[in-house]
Every structure is written in C-alpha cells, then in structure tokens.
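# Secondary and tertiary structure notes
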Amino acid sequence: MTGEQGRSHLSVLLDEAVDALCITPAGRYIDGTFGRGGHARAILEQLGQGGAVLGIDRDPEAIASAASELGRDSRLTVLQGDFADMETLAARAWPGPGAPLVDGVLLDLGVSSPQLDDPARGFSFQHDGPLDMRMNPQAGVSAAGWLAGAKEQDIARVIYEYGEERHSRRIARLLVEARREKPLETTAELARLVARAVPGREPGKHPATRTFQALRILVNGELDQVQQGLAAAVRLLRAGGRLVVISFHSLEDRIVKRFIRGDHVRVSTPRHLPLPDTAAAWCLRAVGRAVRPGAAEAARNPRARSAVMRVAEKLEEAAA
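Per chain, residues are indexed from 1 in the order of the written sequence. Restriction of local features to residues with pLDDT of at least 70 applies here, the model being predicted, together with a cutoff of 80 or more for giving and counting side-chain atom pairs; totals for whole chains, interfaces and linings are based on all residues. Side-chain measures were taken over the full set of non-hydrogen atoms in the model, leaving aside hydrogen atoms and water.

### Describing the side chain of Asp103
Strands are runs of DSSP state E lasting at least two residues, helices are runs of H or I lasting at least four, and both sets are numbered from the N terminus onward. Tracing the backbone shows Asp103 in strand S6 (residues 102–108). Only protein chains enter the accessibility calculation, which uses a 1.4 Å probe. A residue is then buried if its area is under 20% of the maximum for its type, exposed if over 50%, and partly exposed in between. Assessed through its relative accessible area of 18%, Asp103 is described here as buried. N or O atoms within 3.5 Å of each other form a polar contact, as long as, within protein, one can give a hydrogen and the other can take it, and as long as residues adjacent in sequence are counted only when both atoms are side-chain atoms. A distance of 3.0 Å separates a polar atom in the side chain of Asp103 from a polar atom in the side chain of Arg238. Leave out the neighbours within four places in its chain, and Asp103 touches Thr24, Gly27, Arg28, Tyr29, Leu237, Arg238, Gly241 and Arg242. Contacts were defined at the residue level, with two residues in contact if any of their heavy atoms lie within 4.5 Å.

### Here we look at helix H8 (residues 168–181)
Note that an α-helix has 3.6 residues per turn; residues three or four places apart therefore point the same way. Expected span of a helix, by definition, is 1.5 Å for each gap between consecutive residues, and there is one gap fewer than residues. A rise of 1.5 Å per residue sets the reference length of H8, with its 14 residues, at 20 Å; its end C-alpha atoms lie 21 Å apart and thus fit the reference within 8%. Those residues of H8 that fall on the buried side of the exposure criterion are Ser168, Ile171, Ala172, Leu174, Leu175 and Val176. Those residues of H8 that are buried are in contact with helix H6 (143–149), helix H7 (152–163), helix H9 (187–197) and helix H10 (209–220).

### Structural notes on the pattern of salt bridges
Salt-bridge detection follows one rule: a side-chain nitrogen of Lys or Arg within 4 Å of a carboxyl oxygen of Asp or Glu. For the structure shown, the criterion picks out 16 salt bridges. Asp82 is the salt-bridge partner of Arg58, the closest N and O atoms lying 3.4 Å from each other. Residue Arg58 is located in the loop between strand S4 (52–57) and helix H3 (60–70), and its partner Asp82 is located in the loop between strand S5 (76–80) and helix H4 (86–93); the two are separated by 24 residues in the primary sequence. Arg58 gets classed as buried once you look at its relative accessible area, which sits at 14%. The class for Asp82 is partly exposed, based on a relative accessible area of 23%. Between Glu87 and Arg235 there is a salt bridge, with its nearest N and O atoms 2.8 Å apart. Of the two residues, Glu87 is situated in helix H4 and Arg235 in helix H11 (residues 222–236); the sequence distance between them amounts to 148 residues. Linked by salt bridges that have partners in common, Arg36, Asp59, Glu61 and Arg121 make up one network.

Listed below in structure tokens is the structure:
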C-alpha cells in the first residue's frame, strides 16, 4: 500500500524494504505489487545496467502510469497480472531456458492510495461512488454484484472471517432486508447501512471499516493471492535471495508469518514422515523481527500505521 496525496508518493517502509532486499547491482528483482512504482524506483536506483526489475500489478491504471513515467528505463519491465502468477510473468519478462531465478521479491499487500482516493473505484466509505472494489475493474464481480445475490449466511461469514467483525450477522440481516427494496449500489449506501447495524463506535474507526475490508478481500481473492504468491516467490528465489512482505491487517500478516516459519509444511506432513521434496524447496530463514513504521512515518502517512514488514531468506539447501 502506498500513501499518496495529489502528486506526492509515499511508499510505506520504503528504505526499510529496499535495504532488506540486499540489492546487488546486477541482480534481478520482482516488485509484485507495483502500484505507482515507489519501491521499484528505489530498487532501480541501486541497480547497474546489468540489473533488472519486473513490476507486476493487476490494476490497468497502474500499468498505464508505469508506461508514462518509467517506460524509458530498459531495466524495468511492467506487466499486468496477479502476483500469484509471477512465475509465468517472470518467464515472459526474462525468456530463456529454465525458470528465471531472481535475487529478491517484494510484496506490498493491500489496496493502494490511488485506488482508495478515487471514488469511481469504490474502495472507500470516505467518498461516495459505485460499490465496485475490484483492483482490476475489467475482471471479476464487483462488491455490489456479489451482495446482490449472496445468501445472508454467506454475507455474515465473509464479514466475520475477512473483516473480523463481531456484528456480522446483524449487518448481513440488514443488508438482505435493504436489497429487497433496492440493491445496494454505492459506497455511501453501504456505509450508512453498516453504521445503523453496528452499535457503539470504536475511537478513531468508522463502523464500516471492517465490512469494507471484508468485501474487498473477497472480491479480489486477496488471501488466496497471498498464499499462492508466497509459494511462487520462493520457487523463483535463488539460494540466498530475499523475500520482503509488507502487510496491513492481521489476516495477511498471519499468513506471511506462518509461511516463513514453515507451518504449511508442518500441518500437511505427519511428524514421523520425512519432508516432501516440495516442502524442502520452500525452506526459509526469517531475517530479524517484524518491522513497523516509526512515529515520523506514521505521522507523515497515517495509512502506514498498521503496516508490518517481514523478511525471509531462501536457504542454500533449498536451492534444488
């Protein structure tokens, strides 16, 4: 996620993330969430002419912005797609025999500020606009489309699981009652309905925050993307390569933390059996502790306050 006000561009944990990648001048790097290119620019500044960056983003507006602002740098390739498909996209960017191994992968998860600040995208209750929430408006079903046909119990489950909203059943009931009269079509309509459903107020937090988060995660398949993207990143990393992931809510961070620890291997493999080859190929070593923005960055960019960065290195014995 980035924080952008007008033309200013504030990439979260910019210096910390790029430092964690341990850039080598001739290295290859993937920015799986290109956005407006803040992290990619910082990586390019440390690369020589032999280095290369692949930027990936599902949002066509991000791709258009990259073409106009960074298209002249021959070291940068920007492709539209999901970072879960980074292996296929990396093969397109760097064709040749075998998989193109890379020295680092950066994932800056969540919604970007240009998306949040554009009412037409429908991500925020701060602006009235169509209830869309798709990171790629050209694909998939919008939030309004899903809400128009989903069962009440499914709406409640999504808001509870993805938004960690304890009033999810009440919200779902009011949503279903409201759509009998008229389908919800705008962010303002949804925000007002959720505000009616949620008793009390959390200090500094709009009552619709959790519901909007839940619908956005659902519409974009974000948690599945994270799980698939982490696995793809590790397969692409050469031994000693770095994985840097910035998360913005506990659901994402929990997935990242468990993946780095190898919990996905422990759960799927009985203790008395040896680890399968696929598990051995995903061996990671956590580098340092979780990093959070300092007080100065949080004051400068309030959207950075919830950020958590985790770093891992692919082990030598994992390079097979």
